[in-house]
Amino acid sequence: MTKNIVILAIESSCDDTGAAVIRNGNVLSNCVATQLNHENLGGVVPELASRQHILQIVPIVDKALKTADIDLSEVSAVAMTKGPGLLGSLHVGVSFAKGLALSLSVPLIEVHHMQAHILAHFASQTHPSFPFLNLTVSGGHTEIVLIHSHLDMELVGQTFDDAAGEAFDKIGKMLGLPYPAGPHIDNLAKKGQPKIDFPVPVIADLDFSFSGFKTAVLYYLQKKTKEDKDYIIHHLEDICASVQATIVKILLQKMERAIKKYNVSDIAVSGGVSANTGLRAGFQRLGNTWKKNVFIPPFEYCTDNAAMIGVTGYYKYLQGKFCSLEVAPDPRMKI
Ligand code: KG4
Ligand code: ZN
């Protein structure tokens, strides 16, 4: 009988504490404790986030094990996010994972958060085939990656400044929406029309920039609220629809360029912003136009989650890619 490979995974890169159990590459549990204390603070407050992780990590790991009906003695390895992310938040997950691996005498596996966002596709039964192109869009990153195999990835485009999620969140702040604003803009956009033409930046190759667009929205809102102080309240849904349509256009233009450049049959999108309904629909249309197979993860695997860390940990386990107990978090970890 072949051995069951059970990975206990921990994710604590930002403001969500996640724990998951993966057996032979299949997700048995995927638990997330979301921190709501940043909602009205305009963004994640790092010190608050790390303190909250300390309170949440034991109960969430416990919940993941119970949901999976797995005893700690069955765990083959512990996987955790090493970076990129917030230093204090990463420290909690890395320290906890180290302690657990040491006490269980099992290997420790370090995981790159953005690589995990891509391998999130493999948490589902249907997933892309290699090589494929992935648009990875989160709160801190916007990248186009060419994936040759589970652990061989080539970064072919990225943002010079803000990430797509950051653009959603910062513009949401200008509009008075709670953090993270992405889901709020998404919901409001459904009731509005993309009537406002915001500029789409002209950037070479497969790279992105969102800061000029963000400033254009700021100047537009400043001008309009001078004329009518309630402009935002009266036009919130149309503003959201226009902002979302522009961000989606910027992302899909580059994805289309990547499709023309690289001859792949499968295209995929992942990361927190892939939860956006406008992007999901647009990405599907792009795939139809270019006759590509399209892969978009279910919502639970789009935003930060530990299942994607566990799935990545599983593929690293198969290749014996373990790390030392000396490992330290790497807030700016490169892919
Ligand atoms: O991947 P993720 O959960 O965390 C990071 O690794 O950053 O991504 C979080 C980002 C936030 O900027 C949030 O506003 C955005 O994903 N987001 C969305 C939606 N859901 C989450 N943006 C647009 N529409 C959504 N439905
Ligand atoms: Zn993420």
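The structure under discussion appears in the preceding block.
All values derive from a computational prediction rather than experimental measurement.

Definitions and cut-offs
Residues numbered from 1 in each chain as written. Chains lettered and ligands numbered in written order. Predicted model: local features only at pLDDT ≥ 70, side-chain atom pairs only at ≥ 80, totals over all residues. Heavy atoms only, no water. Donors = N, O, S within 2.8 Å, 3.2 Å for Na, K, Ca; no water. Buried < 20%, exposed > 50% of the residue type's maximum accessible area, 1.4 Å probe, protein only. Helix = DSSP H or I, 4+ residues; strand = E, 2+ residues; numbered from the N terminus. Pairing = 2+ DSSP bridges.

## Focus: the coordination of the zinc ion (ligand 2)
Metal coordination angles in their ideal form are 109.5 degrees for the four-donor tetrahedron and 90 or 180 degrees for the six-donor octahedron.
Thought 1: Looking at the metal site, the zinc ion (ligand 2) is ligated by H113 (NE2), H117 (NE2) and D304 (OD), spaced 2.0 to 2.1 Å from it.
Thought 2: What makes D304 buried here is its relative accessible area of 18%.

## Things to note about the pairing of strand β2 (residues 16-23)
Thought 1: With respect to burial, β2 is a largely interior element, seven of its eight residues being buried.
Thought 2: Here strand β1 (residues 6-11) runs beside β2; their pairing, made up of six bridges, is antiparallel. Bridging across to β2, E11 finds its partner in G18.
Thought 3: Linking β1 back to β2 in an antiparallel pair, the connection comprises four residues.
Thought 4: Relative to strand β3 (residues 26-34), β2 runs antiparallel, the two sharing eight bridges. Bridging across to β3, A19 finds its partner in C31.

## Focus on unusual backbone geometry
Thought 1: With omega at -10 degrees, the peptide bond leading from F130 into P131 counts as cis.
Thought 2: Relative to the elements of secondary structure, P131 occurs in the loop between α3 (113-119) and β6 (132-137).
Thought 3: Geometrically, the link from Y179 to P180 is a cis peptide bond, its omega value of -10 degrees lying close to zero.
Thought 4: In this structure, N24 takes a positive phi of about 50 degrees despite not being glycine.
Thought 5: At D205, a position not held by glycine, the phi torsion is positive, near 55 degrees.
Thought 6: Mapped onto the fold, D205 is located in the loop between α5 (182-189) and α6 (211-227).
Thought 7: Taking relative accessible area as the criterion, D205 reaches 54% and is therefore assigned exposed.

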